[in-house]
2 protein chains.
Amino acid sequence: MIGVDWGTSSLRAYRLAPDGTVRERREAERGIMTVPPGGFPAALREAVGDWIAAGEDRVLLCGMVGSRQGWVEAPYLACPAGAAEIAGATIRVPFEGARVRLVPGLTTCDPAGVPEVMRGEETKIIGLLGAIGEAPEATLCLPGTHCKWVRIREGRVAGFATYMTGEVFAALSAHTILARTMDTEAPPHAGAFDRGMARARQKGGLLHHLFGVRTQALMGELPPEQGESYLSGLLIGHEVAAALEAGVAPPIHLAGTESLVALYARALGAFGIPHRIHDPDAAALGLALIGGCLGDTDW
Amino acid sequence: MIGVDWGTSSLRAYRLAPDGTVRERREAERGIMTVPPGGFPAALREAVGDWIAAGEDRVLLCGMVGSRQGWVEAPYLACPAGAAEIAGATIRVPFEGARVRLVPGLTTCDPAGVPEVMRGEETKIIGLLGAIGEAPEATLCLPGTHCKWVRIREGRVAGFATYMTGEVFAALSAHTILARTMDTEAPPHAGAFDRGMARARQKGGLLHHLFGVRTQALMGELPPEQGESYLSGLLIGHEVAAALEAGVAPPIHLAGTESLVALYARALGAFGIPHRIHDPDAAALGLALIGGCLGDTDW
């Protein structure tokens, strides 16, 4: 089968063996934002038309391609959900020459009844389950623009919570007075990250701690080349503290961009929480596993 | 004497009687950002030259005019500080035809040793002390872009903490995915504000609660015309919760823009904290009181 991880800004396509082995892979800057209305069949053919012509007649798509802004909206599936439930909730889209299905996103509610959503991460999570192992409970943390903390129970996604940390970092460091306190060209500074993280564990709350970035810079206590790392430590520290307070089962399994995962690992270490780092490139395996749950007549 | 509240974007000038009565007032869009380097004497003469020519030879300036970006930097004065200490720390700037002095900002440290600063608010606070009354301890909250929570002890500023709430609200509502969830033309919605505020008191932390603005909008649970009020309630709720946790002495005395003060009053009410609202236009009286502490030879 063919698996495609089709996000907002890029498209990654995999030609997959039945056991999940990647026979061929491709990547293109052909995210859904670049596809005009009605243009999805043509964009898919452009990306993998030769594989289809060579006999692959099953294509499974995950990511934002299944959102309201994508090809067709694949409605969110409620947790708990594992590979079988996700496969059962895929939806078919019309395409000539192959059977094409969209993976749904997942939804859950936090204890207060506020909804949560993910789209794309569910497939990576399924791909990571094998590496996480057989523990009846586990916690997966996927750092990024919108960081996901995922509760795994008996091989299924039991629930999850999203933290807007990455996007808040970007907005604050570019569009507030804090921008003036930062040399954004400077390399990461571990000591400043640790100071920001330690600050997050003190009283006062994030909205107060943020002003401290400004005042410490003003008073010469935080050089511009340390500003970004301090802010990063402050925000990740607040996120980790809140996630731990909400209750997570250690060890924490981390997967994501290497540099970002290293920061979360550092933060978890400071909190004394055991953690393990996994290969983030799990979407192909997740697509294979979800696709593998579909019998020939399901496609 | 003449008092001038000279901030980043505007200039307010007062011709003051010795008892603090405002004889004349003026306002101009002549904030320090509009003044070219070296242009402050000319800008002051333009604003109040006729009053000086008419015999007023003492001019006291407060606000960002005393910052590094202003006329001359008036170094921050450490708390505790009242009108007398502030008057003693004013600095003289050269000006032909009048004695012109700059009010310093204030600085303090929070319990963890992180510095705090204010500039301009110290003068308003001095002007508000009379209205606050004679209690040995009081808390003043000055909502704004950078909201100040001020501890008053025996008529002096004992310490304070700043929350970046207003600026964070602006950055998040304009420069993150939350912008898509909001109709910024809609009038305030009290029910949505209350829902946001209630959310702030639940577990999960601000970075998680922010994503809930997005998900609730996505799920049709938060209409666009309620998005801004919900976010406002969420942020102010987090601020008030953190300030109360840090320890403040009720009642809380509020002074600031009417609409914003009303939101803080609503939040404090929800937390069951008594509060009083004061006339925010206290800079003129503060300037008069600080100026009144200066003897003729001090000028």
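Just above, that's the structure.
Here goes a summary of the coordinates provided. (Residues numbered from 1 in each chain as written. Chains lettered and ligands numbered in written order. Predicted model: local features only at pLDDT ≥ 70, side-chain atom pairs only at ≥ 80, totals over all residues. Heavy atoms only, no water.)

## Examining the state of the cysteines
Residues and elements named next belong to chain B.
Reasoning step 1: Applying the stated rule across the entire model yields zero disulfides over all chains.
Reasoning step 2: Counting only cysteine sulfurs, Cys109 is the nearest neighbor of Cys79, a cysteine outside any disulfide, at a range of 10.0 Å.
Reasoning step 3: For Cys79, a relative accessible area of 16% puts it in the buried group. (Disulfide = S-S within 2.5 Å. Buried < 20%, exposed > 50% of the residue type's maximum accessible area, 1.4 Å probe, protein only.)

## Quick notes on the packing of aromatic side chains
A ring pair, where both rings are aromatic, is described by two values, the distance of the centres and the angle of the planes.
Reasoning step 1: With the rule as written, the count across this model stands at eight aromatic pairs over all chains.
Reasoning step 2: Relative to Phe95 of chain A, the ring of Trp71 of chain A has its centre 6.4 Å away and its plane inclined at 65°; by these criteria the two rings are edge-to-face. Separated by 24 residues along the polypeptide, Trp71 of chain A in the loop between β4 (58-62) and β5 (77-78) and Phe95 of chain A in the loop between β6 (91-93) and β7 (99-102) bring together distant segments of the chain.
Reasoning step 3: Look at Phe95 of chain A and you get buried, because its relative accessible area is 11%.
Reasoning step 4: When the ring centre of Tyr76 of chain B is taken as reference, the NZ or CZ atom of Arg119 of chain B above it lies at 4.4 Å. (Phe/Tyr/Trp six-rings, centres within 6.5 Å; stacked < 30°, edge-to-face > 60°. Helix = DSSP H or I, 4+ residues; strand = E, 2+ residues; numbered from the N terminus. Lys NZ or Arg CZ within 6 Å of the ring centre and 35° of its normal.)

## Comments concerning the packing of helix α5 (residues 190-200) of chain B against helix α8 (residues 258-270) of chain B
Working note: a packed helix pair is described by the angle between its axes plus the distance between those axes.
Residue and element names in this part refer to chain B.
Reasoning step 1: Viewed as axis vectors pointing N to C, α5 and α8 meet at an angle of 50°, and their least axial separation amounts to 11 Å. Judged on the interaxial angle alone, α8 and α5 are oblique. For α5 against α8, the interelement crossing comes out right-handed. Where α5 abuts α8, its residues Ala190, Phe193, Asp194 and Met197 lie against Leu263, Arg266, Ala267 and Ala270.
Reasoning step 2: Taken together, the residues that form the contact of α5 with α8 break down as six nonpolar, no polar and two charged. (Axes fitted to C-alpha atoms, helices over the stretch in contact; angles between N-to-C directions. Parallel < 35°, antiparallel > 145°, perpendicular 65-115°, else oblique. Left-handed = near helix turned anticlockwise from the far one by under 90°. Contact = heavy atoms within 4.5 Å. Nonpolar A, V, L, I, M, F, W, Y, C, P; charged D, E, K, R; others polar.)

## What about the relation of the copies chain A and chain B?
Reasoning step 1: The two copies are related by a screw motion: chain A maps onto chain B through a turn of 180° and a shift of 0.0 Å along the axis, at an RMSD of 0.0 Å. Taken together, the rotation and translation describe the operation of a two-fold axis. For chain A, the residue whose C-alpha comes nearest the rotation axis is Ala171 of chain A, separated from it by 3.0 Å. (Least-squares fit on C-alpha atoms with pLDDT ≥ 70 in both.)

## Regarding the pattern of salt bridges
Residues and elements named next belong to chain A.
Reasoning step 1: Applying the stated criterion across every chain yields a total of 30 salt bridges over all chains.
Reasoning step 2: Between Glu56 and Arg15 there is a salt bridge, with the nearest N and O atoms lying 2.9 Å from each other. With a gap of 41 residues between them, Glu56 in the loop between α1 (40-53) and β4 and Arg15 in strand β2 (residues 11-16) connect regions that are remote in the sequence. Of the two residues, Glu56 and Arg15, both sit in the buried class.
Reasoning step 3: A salt bridge links Asp194 to Arg266, with the shortest nitrogen-to-oxygen separation between them at 2.6 Å. Highlighted residues: Asp194 in helix α5 (residues 190-200) and Arg266 in helix α8 (residues 258-270), separated in sequence by 72 residues.
Reasoning step 4: By relative accessible area, Asp194 is classed as partly exposed at 27%.
Reasoning step 5: Arg266 sits in the partly exposed class, given a relative accessible area of 36%.
Reasoning step 6: Overlapping salt bridges bring together Arg15, Glu24, Arg26, Asp50 and Glu56 as one network. (Salt bridge = Lys/Arg side-chain N within 4 Å of Asp/Glu carboxyl O.)

## Some points on α8 of chain A
Every α-helix carries 3.6 residues per turn, so stepping three or four residues along brings you back to the same face.
Residue and element names in this part refer to chain A.
Reasoning step 1: Taking 1.5 Å per residue, 13 residues should reach 18 Å; α8 reaches 18 Å between its end C-alpha atoms and fits that length.
Reasoning step 2: Among the residues of α8, those classed as buried are Val261, Tyr264, Ala265, Ala267 and Leu268. Down the axis, α8 shows its buried residues gathered within 160° of arc, on one side only.
Reasoning step 3: Just beyond α8, the residue with positive phi is Gly272, at close to 75°. (Expected span 1.5 Å × (residues − 1). Arc of directions from axis to C-beta.)

## Thoughts on the side chain of His253 of chain A
Residue and element names in this part refer to chain A.
Reasoning step 1: Relative to the elements of secondary structure, His253 occurs in strand β13 (residues 252-254).
Reasoning step 2: Its relative accessible area of 3% is what places His253 among the buried residues.
Reasoning step 3: In this structure the side chain of His253 is engaged in a polar contact, spanning 2.8 Å, whose partner is the side chain of His278. (Polar contact = N/O pair within 3.5 Å; in protein donor to acceptor, adjacent residues only side chain to side chain.)

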